[in-house]
Amino acid sequence: MTPAVIQLAAEAAERQSAEVTSFGARMAWVVGLAVFVAFVYWLMRQGWKWRGALQNDLPELPATPDGLPAHRLALTGRYHGSTTAGQWLDRIVAHGLGVRSRVELTLTDAGLDVVRPGATDFFVPAAQLRGARLDKGIAGKVLTEGGLLVVTWAHGDKLIDSGFRSDRAAEHAAWVEALNHMNQSITTEGAER
């Protein structure tokens, strides 16, 4: 053989592709990754249950009473969750308050009716409403400044912030004004007695 032929044979040997990974090794990686993802999911689920167990002292949510007066305001949108008042990352998961869902809010003189298809509905009596504000975030959801309607209310011995986003964000200002005005008149009536 001539040196040129030997050199061409050596170059051809170098250009050959690397050996393909065996099927068994690939399957081991896929199964290992699936087990890891399942384990992480299980840990997250256990954390959710643990948080719910810590919040077991929270009383049951009030149900909507029969014969509500005519509504002042109504909106449809999204319920983004509830947190301990003033602590926007301390999510409350007890009694389904941590479950995001669609929402239909109705404000009446009796209180705030929260209807959540696919999740637990609840009612906040007017005497328990503490106010409302526009904010940019609540646990797990951050929006532009003023993009979230946050209603503060008392439940048991705990103050709770619940975050809502209307399908028409322009409605938020009217809700804040109505809820804060309602809270002032309740406070004033209580002081006169």
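Described below are features of the structure shown in this document. Just so it is clear, the model here is predicted, and its values are computed rather than measured.

## A closer look at the overall build of the protein chain
Next up, step 1: Tallying secondary structure elements over the protein chain gives three helices and 10 strands in all.
Next up, step 2: Per-residue burial for the protein chain yields a buried fraction of 33% across its 193 residues.
Next up, step 3: Of all intrachain contacts in the protein chain linking residues separated by at least 6 positions in sequence, the fraction that spans at least 24 positions is 61%.
Next up, step 4: Here the protein chain displays about 11,900 Å² of accessible surface, and carbon together with sulfur accounts for 60% of that area.

## Some details on the packing of aromatic side chains
Next up, step 1: Taken as a whole, this structure holds four aromatic pairs when the rule is applied.
Next up, step 2: Taken together, a centroid distance of 6.2 Å and an interplanar angle of 25 degrees make the contact between Phe39 and Trp42 stacked. Highlighted residues: Phe39 and Trp42, both in helix 2 (residues 23–54), separated by three residues, approximately one helical turn.
Next up, step 3: Taking the relative accessible area as the measure of exposure, Trp42 reaches 48% and is therefore partly exposed.
Next up, step 4: Arranged with centres 5.5 Å apart and planes meeting at 20 degrees, the rings of Phe122 and Trp153 form a pair that is stacked. Taken together, the residues Phe122 in strand 5 (residues 122–125) and Trp153 in strand 9 (residues 148–155) connect sequence positions 31 residues apart.
Next up, step 5: The class for Phe122 is buried, based on a relative accessible area of 1%.

## Re the pattern of salt bridges
Next up, step 1: With the rule as written, the count across this model stands at five salt bridges.
Next up, step 2: Put simply, Arg102 and Asp167 hold a salt bridge, and the shortest N to O gap is 2.9 Å. Of this pair, Arg102 sits in strand 3 (residues 101–108) while Asp167 sits in the loop between strand 10 (158–166) and helix 3 (172–192), and the two are 65 residues apart along the sequence.
Next up, step 3: Using a relative accessible area of 37% as the deciding quantity, one classes Arg102 as partly exposed.
Next up, step 4: For the salt bridge of Asp135 with Arg133, the shortest nitrogen-to-oxygen distance reads 3.2 Å.
Next up, step 5: For Arg133, a relative accessible area of 32% gives the class partly exposed.
Next up, step 6: Taken together, the shared-partner salt bridges connect Arg133, Asp135 and Asp161 into one network.

## As for the nonpolar core
Next up, step 1: Membership of the largest hydrophobic core comes to 27 residues, with the highest contact counts inside it found for Leu112 and Leu129.
Next up, step 2: When residues of this core are traced back to their parent elements, those giving at least two are strand 1 (71–84), strand 3, strand 4 (111–115), strand 5, strand 6 (129–135), strand 9, strand 10 and helix 3.
Next up, step 3: Sequence-distant contacts of Leu129, defined by excluding residues within four places in its chain, comprise Leu107, Leu112, Val124, Val151, Thr152, Trp153, Leu179, Met182 and Asn183.

## Some points on the pairing of strand 4
Next up, step 1: Of all five residues that make up strand 4, four are buried, and the element is covered over most of its length.
Next up, step 2: Bridge count between strand 3 and strand 4: five bridges; the pairing is antiparallel. Note that in strand 4 the partner of Thr106 across the bridge is Asp113.
Next up, step 3: In the sheet, strand 4 pairs with strand 5 via four bridges, with the strands oriented antiparallel. Paired with Val114 across the bridge in strand 5 is Phe122.
Next up, step 4: Joining the antiparallel neighbours strand 4 and strand 5 is a turn of six residues, in which Gly118 adopts a positive phi near 85 degrees.

Cut-offs used in this document
Within each chain, residue numbers correspond to sequence positions counted from 1 in written order. Local features in this predicted model are restricted to residues of pLDDT 70 or higher, and side-chain atom pairs are both shown and tallied only at a pLDDT of 80 or more, whereas totals for entire chains, interfaces and linings draw on every residue. To get the side-chain values, all heavy atoms of the structure are used, and hydrogens and water are removed first. Only DSSP runs of H or I with at least four residues qualify as helices, and only runs of E with at least two residues qualify as strands; both kinds are numbered from the N terminus onward. Exposure is judged per residue with a 1.4 Å probe applied to protein chains only, and the accessible area is read against the type maximum: over 50% gives exposed, under 20% gives buried, and values in between give partly exposed. Note on definitions: a residue-residue contact is assigned when non-hydrogen atoms from the two residues lie within 4.5 Å. For the accessible areas, the method is Shrake-Rupley and the probe is 1.4 Å, while residue cover comes only from the protein chains on display. Only Phe, Tyr and Trp rings take part, Trp by its six-membered ring, and two of them pair if their centres are within 6.5 Å. Stacked means planes under 30 degrees apart, edge-to-face means over 60, and tilted covers everything else. Between Lys or Arg on one side and Asp or Glu on the other, a salt bridge is scored when a side-chain nitrogen of the former is within 4 Å of a carboxyl oxygen of the latter. What is meant by a nonpolar core is a set of buried Ala, Val, Leu, Ile, Met, Phe, Trp, Tyr and Cys residues, joined one to another through side-chain atoms within 4.5 Å. Strand pairing is assigned whenever DSSP detects at least two bridges linking the two strands.

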